[in-house]
Amino acid sequence: MKILKRLILDIDENLSQIALLENGKLKEYHPEKRDGKNILGNIYKGKIQNVLKGMQAAFVDIGIGKNAFLFSDDVLFQQENLPKNITQVLKPGQPIMVQVSKEAVGMKNPRVTANISLPGKYVVLMPNVDYVGISHRIEEEGERKRLQEIVKELKPDGMGIIVRTAALEATEQQMREDLDELIRLYEKIQKDFQNAPLPSLIYKEEDFAIKYLRDLLSDEVDEIVVNDKEEYENIKRYLKNVGKENISVTYEEGDLMGIYGADFQVEKLLEKKVWLKSGGFVIIDQTEALTVIDVNTGKYVGKSSLEETIYKTNLEAAEEIALQLKLRDIGGIIIIDFIDMKNENFRKDLLEFFKKELQKDRTKCSVLGYTQLGLVEMTRKRVRSQVGSYLKEKCPICEGEGMVYSTEYIYKRLRNNIERVLRHIKVRKIYIKGNDKVVKIAAEKEIVKFYKEKFNVDLEVVVDNNKKYGYFEIEFE
């Protein structure tokens, strides 16, 4: 049976979401707040504030109200003839061109690099390093060799090129045109750097839809559904430019995440416990420093030996963990406590299977192996905040010790649940029962007035403080 790959773009005034579904199952998910604070990939004319010799790093003012952190490795990569000392290259007050490589996460400042990279349709241009790379997701040796030969011909002296997965079967002419466009863009960025005030933004990353389409289209998407007319037109133009006009693009109003069954799957990403089909489960605990994952057999009792039961549970857990790391965008150090196995062959097979599952992730993952305590130790590159930070906010009741649904997400869930009722049932009146937070949001957003004017239906919001913070239920007559 053919797998249907559908890309959902649910654009909202507060929160935009993009989800890749394979036969209805969530495989990729990226939320983004529409507050203008997403700076990943942006290029700035920054001002060196101070240089820390002991840390071999510098703080850079890029004009966002919070200094960015620049490590020596991110600026000295091109200083071959100089001692590897950041104080000999950077001085306070000095202008520098930097690109945001990691968003601010928790208490950490954003991280920037002087090693600029500009992604195109088929290649990524790295103007400051002499380097050639091919996407690890292009596995066929003949195709890798073909692309390597093309890149050798096209690569400008002193510059680097990484061939993207989308270049699979691309022609030399297509790659040449893509590269030429990126070189022109970099020349413009250089010119803007010379003329721009200090500090200032000189290049802004693509908008929400195109930024993710650029990566996700390499997965041979069958259909794209979007609920915003402006983004719908942008997507159609982009697909024409990259020769992907065969992909169906549909404009559809309403709660797309709910209509296509993605919203319930997203809500599960906010839970610690993840159930496995066999009856086992995985517990995911995230902290500032690292993420700890525990595997349990749960209700699964197996059909043969205990060792076989544990092995099958671990394999199922490994597949689910690889998916959850990608969906939740968990980065940094990750420790996994698989159920202990005495059979050494089972242990090796599990580790190899886990590594293979992680190869499906676009973000770089490194598995270091088993620790002396039998735990699997790995890292996943962290470039942006994890999914939970977009859908939850610090709880005013516990003063940040835990997390609750954010105002934007509660409001979206309210509207989605009301409109789900209206789509399927003819009602005279709808009752919303929730705690003070829900009542406050309903009042601030004028939900009662909105649904009366648009749908001619009466709404009544009832305070029920027995409900958990941010929770509610819908009743109707």
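All figures in this text were calculated on a predicted structure; none of them were measured in a lab.

(A) Geometry of the overall build of the protein chain. Of the regular secondary structure elements, the protein chain holds 12 helices and 26 strands. Rg of the C-alpha trace for the protein chain: 25 Å, near the compact-globule value of 23 Å for 477 residues, within the 12% margin. Taken over the C-alpha atoms alone, the protein chain extends approximately 75 × 60 × 50 Å along its principal axes.

(B) Local environment of the packing of aromatic side chains. Scanning all chains against the criterion turns up 10 aromatic pairs. Centre to centre, the rings of Phe69 and Phe71 are 4.8 Å apart; their planes meet at 90°, and the pair counts as edge-to-face. What makes Phe69 buried here is its relative accessible area of 13%. Among the aromatic residues, ring-to-ring pairing joins Phe59, Phe69 and Phe71 into one connected group. Sitting above the plane of the Phe281 ring, Lys273 keeps its charged end 4.5 Å from the centroid.

(C) Here's a closer look at the sheet that holds strand β26 (residues 472–476). Strand order in the open sheet made by the three strands is β25-β24-β26, with mixed pairing throughout. With partners counted over all chains shown, the strands left at the sheet margins are β25 (458–463) and β26, one partner each. With direction set aside, neighbouring strand axes in the sheet form an average angle of 20°. With five bridges connecting them, strand β24 (residues 429–434) and β26 associate as antiparallel partners. Bridging from a neighbouring strand, Ile430 pairs with Phe476 of β26. Against the sheet, helix α10 (residues 407–424) makes contact with β24, β25 and β26, and its axis sits at roughly 20° relative to β26, the strand it touches most. Helix α11 (residues 436–444) contacts β24, β25 and β26 of the sheet and is inclined by roughly 145° relative to β25.

(D) Highlighting the sheet that holds strand β20 (residues 365–370). Pairing is mixed in the open sheet, where six strands are placed in the order β16-β17-β18-β19-β21-β20. In this open sheet, the two strands that pair with only one neighbour each are β16 (273–275) and β20. Shown here is a sheet whose adjacent strand axes are inclined to one another by a mean of 20°, direction ignored. The sheet strands contacting helix α7 (residues 306–328) are β16, β17 (281–286), β18 (290–296), β19 (332–337) and β21 (376–380), and the helix crosses β18 at an angle near 150°. On the sheet, helix α8 (residues 344–358) packs against β19, β20 and β21 and is oriented at approximately 175° with respect to β20.

(E) Representation of the domain arrangement of the protein chain in the model. Under the domain assignment, the protein chain is made up of domain 1 (5–33 + 206–263), domain 2 (42–203), domain 3 (271–391) and domain 4 (407–476). Domain 3 and domain 4 are separated by 38 Å when their C-alpha centres are compared.

(F) Region of interest: the side chain of Asn42. Residue placement: Asn42 occurs in the loop between β3 (25–33) and β4 (43–52). At 2.9 Å, the side chain of Asn42 forms a polar contact with the backbone nitrogen of Glu205.

(G) Examining the environment of Asp337 more closely. Turning to its location among the elements, Asp337 is positioned in strand β19. Note on Asp337: relative accessible area 32%, which makes it partly exposed. In contact with Asp337, not counting residues within four places along its chain, are Ile293, Asp294, Val295 and Leu375.

(H) Representation of the pattern of salt bridges. One pass over the structure, following the stated rule, counts 28 salt bridges. We note a salt bridge from Lys155 to Asp130, for which the minimum N-O separation is 2.5 Å. In this pair, Lys155 is assigned in the loop between α1 (141–154) and β12 (160–163) and Asp130 in the loop between β10 (123–126) and β11 (132–134), connecting sequence segments 25 residues apart. On the accessibility criterion, Lys155 (19% relative accessible area) is buried. Residue Lys452 is joined to Asp458 by a salt bridge in which the shortest nitrogen-to-oxygen separation is 3.0 Å. In this structure Lys452 comes out as partly exposed when scored by relative accessible area, which is 38%. Take Asp458: its relative accessible area is 32%, and that puts it in the partly exposed class. Overlapping salt bridges bring together Asp10, Asp12 and Lys412 as one network.

(I) The environment of Ala167, seen in detail. Along the chain, Ala167 falls in the loop between β12 and α2 (172–195). Take Ala167: its relative accessible area is 0%, and that puts it in the buried class. Sequence spacing of Ala167 and Ile189 is 22 residues, and the spatial spacing of their C-alpha atoms is 25 Å. Each residue touching Ala167, except ones within four places of it in the same chain, is listed here: Tyr122, Glu143, Arg146 and Leu147.

(J) Examining helix α4 (residues 229–241) more closely. Between its first and last C-alpha, α4 extends 19 Å over 13 residues, near the 18 Å set by a 1.5 Å rise per residue. Among all positions of α4, only Glu231, Tyr232, Asn234, Ile235, Tyr238 and Leu239 are buried. Mapping the buried residues of α4 onto a view down its axis gives an arc of 165°, with all of them on the same face. Turned more than 90 degrees from where α4 packs its buried face, Lys229, Glu230, Lys240 and Asn241 sit exposed. Those residues of α4 that are buried lie in contact with β1 (5–10), α3 (208–216), β14 (223–226) and β15 (248–251). Where α4 begins, one side-chain oxygen reaches toward the backbone nitrogen of Glu230, 3.1 Å away; that side chain belongs to Asp228. Of the residues one or two after α4, Gly243 is the one with positive phi, at around 70°.

(K) The arrangement of the environment of Ile202 in detail. With respect to the secondary-structure elements, Ile202 resides in strand β13 (residues 200–203). Measuring from C-alpha to C-alpha, the distance between Ile202 and Gly261 comes to 40 Å, with 59 residues separating the pair along the chain. Residues contacting Ile202, with those up to four places away along its chain left out, are Ile43, Tyr44, Lys45, Met97, Ile189, Asp192, Phe193 and Ala196.

About the thresholds
Residues numbered from 1 in each chain as written. Predicted model: local features only at pLDDT ≥ 70, side-chain atom pairs only at ≥ 80, totals over all residues. Heavy atoms only, no water. Helix = DSSP H or I, 4+ residues; strand = E, 2+ residues; numbered from the N terminus. Rg over C-alpha atoms; globule rule 2.2 N^0.38 Å. Phe/Tyr/Trp six-rings, centres within 6.5 Å; stacked < 30°, edge-to-face > 60°. Buried < 20%, exposed > 50% of the residue type's maximum accessible area, 1.4 Å probe, protein only. Lys NZ or Arg CZ within 6 Å of the ring centre and 35° of its normal. Pairing = 2+ DSSP bridges. Axes fitted to C-alpha atoms, helices over the stretch in contact; angles between N-to-C directions. Contact = heavy atoms within 4.5 Å. Domains from an automatic or database assignment. Polar contact = N/O pair within 3.5 Å; in protein donor to acceptor, adjacent residues only side chain to side chain. Salt bridge = Lys/Arg side-chain N within 4 Å of Asp/Glu carboxyl O. Expected span 1.5 Å × (residues − 1). Arc of directions from axis to C-beta.

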